[in-house]
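Read off the chains here:
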Amino acid sequence: MQGSRRHATPTGDRHWRGSARFAAGCALTFFGMTLLVDWDAHTLTPPRALLWLAMTALLFTILLPRRVTAGPGWLAVDGLVRHQAVRTDALVAVRQHGDVSAYLTLRDVDGRRLDLDPRILVTNPLLWHELDTGVRRSRAGGTLLEGIDVLERLRHQIDDATARAVLRASGIY
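Residues numbered from 1 in each chain as written. Predicted model: local features only at pLDDT ≥ 70, side-chain atom pairs only at ≥ 80, totals over all residues. Heavy atoms only, no water.

A.B. asks: Teacher, can you tell me more about the confidence of the model for the protein here?
C.D. replies: When pLDDT drops low, the exact placement of atoms in the prediction is not to be read closely. Residues with a pLDDT of 70 or more make up 93% of the protein, whose mean pLDDT is 88. In this model residues 2-6 is a low-confidence stretch, pLDDT under 50, and it forms seven contacts with partners more than four residues away in sequence or in other chains. (pLDDT = per-residue confidence, 0-100. Contact = heavy atoms within 4.5 Å.)

A.B. asks: Sorry, what's going on with the packing of helix H2 (residues 16-40) against helix H3 (residues 46-63) here?
C.D. replies: The relative placement of two packed helices is expressed as an angle between their axes plus a distance between the axes. Following both chains from N to C, one finds H2 and H3 inclined at 160°, their axes separated by 9 Å at the closest point. The orientation of H2 with respect to H3, classified from their angle, is roughly antiparallel. Here H2 and H3 pass one another in a crossing that is right-handed. The segment H2 lies against H3, with Ala-20, Ala-23, Ala-24, Cys-26, Ala-27, Phe-30, Phe-31, Thr-34, Leu-35 and Asp-38 engaging Arg-48, Ala-49, Trp-52, Leu-53, Met-55, Thr-56, Leu-59, Phe-60 and Leu-63. Looking at the contact of H2 with H3 residue by residue, the classes come out as 15 nonpolar, two polar and two charged. (Axes fitted to C-alpha atoms, helices over the stretch in contact; angles between N-to-C directions. Helix = DSSP H or I, 4+ residues; strand = E, 2+ residues; numbered from the N terminus. Parallel < 35°, antiparallel > 145°, perpendicular 65-115°, else oblique. Left-handed = near helix turned anticlockwise from the far one by under 90°. Nonpolar A, V, L, I, M, F, W, Y, C, P; charged D, E, K, R; others polar.)

A.B. asks: Whenever I open this one, the packing of aromatic side chains confuses me. Can you help?
C.D. replies: The way to describe two aromatic rings as a pair is by their centre distance and the angle between their planes. In this structure the tally under the stated criterion is one aromatic pair. The side chain of Arg-67 reaches across the aromatic face of Trp-16, ending 4.3 Å from its centre. (Phe/Tyr/Trp six-rings, centres within 6.5 Å; stacked < 30°, edge-to-face > 60°. Lys NZ or Arg CZ within 6 Å of the ring centre and 35° of its normal.)

A.B. asks: Would you explain the side chain of Ser-138 in this entry?
C.D. replies: Note on placement: Ser-138 falls in helix H5 (residues 125-141). Take Ser-138: its relative accessible area is 0%, and that puts it in the buried class. Dropping the residues within four chain positions of it, Ser-138 is found in contact with Thr-88, Asp-89, Ala-90, Leu-91, Thr-143 and Leu-144. (Buried < 20%, exposed > 50% of the residue type's maximum accessible area, 1.4 Å probe, protein only.)

A.B. asks: When you look at the sheet that holds strand E1 (residues 11-12) in this model, what are you seeing that I'm missing?
C.D. replies: Strand pairing in a sheet relies on backbone hydrogen bonds, with the paired strands running either antiparallel or parallel. What the four strands build is an open sheet, ordered E1-E2-E3-E4; its pairing is antiparallel. One side of each edge strand has no neighbouring strand; the edge strands of this open sheet are E1 and strand E4 (83-87). When E1 meets strand E2 (residues 67-71), the two strands line up antiparallel, connected through two bridges. In the strand pairing of E2, Thr-11 is matched with Ala-70. (Pairing = 2+ DSSP bridges.)

A.B. asks: Is there a simple way to think about a nonpolar patch on the surface in this case?
C.D. replies: A contiguous nonpolar patch, built from Met-33, Leu-36, Trp-39 and Leu-44 and spanning about 430 Å² of accessible area, is present on the exposed surface. Inspection of the secondary structure puts Leu-44 in the loop between H2 and H3. (Patch = residues over 30% accessible without salt bridge, like charges linked within 9 Å, V, L, I, M, F, W, Y side chains within 5 Å. Areas by Shrake-Rupley, 256 points an atom, 1.4 Å probe, with all protein chains shown as cover. Salt bridge = Lys/Arg side-chain N within 4 Å of Asp/Glu carboxyl O.)

A.B. asks: Help me out: how do you make sense of H5 in this one?
C.D. replies: Quick reminder: α-helices carry 3.6 residues per turn. Residues three or four places apart thus point the same way. With 17 residues, H5 ought to run about 24 Å at 1.5 Å a step, and its terminal C-alpha atoms sit 24 Å apart, in line with that. Burial in H5 covers these residues: Leu-127, Trp-128, Glu-130, Leu-131, Asp-132, Gly-134, Val-135 and Ser-138. After H5 finishes, the residue Gly-142 shows a positive phi value of roughly 80°. (Expected span 1.5 Å × (residues − 1).)

Below, the structure written as structure tokens:
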């Protein structure tokens, strides 16, 4: 996987930068407002400023989305602390957990697993294409035995979203 990862240009979540900027903006606004309120109340001290800075860093950490990238035969999710990657051309299972805030768990033949919000795939057709191509290879190779129904539901959801986007762009919908 690492060899193909070095030579292939990865596809990434096209909304990640905007989401990261939003997280930074929210955190900086929080920091500025807390300092302003503390300063106005004449209670701003260096230890309180450090407390607000620590809380700002925590808020940024919570709001910063995980970065999803994919290439031929692999899918990766990078957070601030954890890196997850699977071989999409050697998947053994795909599971969906939850209904309201559902997420997918993908496992490959090497025992690696990855947790992913399926909305990222719905809003990023290139990421979905990379995953779908790998899934087709897994099915052809006989490794993917569990979760085909989950992927079919996701495929229909993505097709519907794509059709709506095309109709909206053409002014019909």
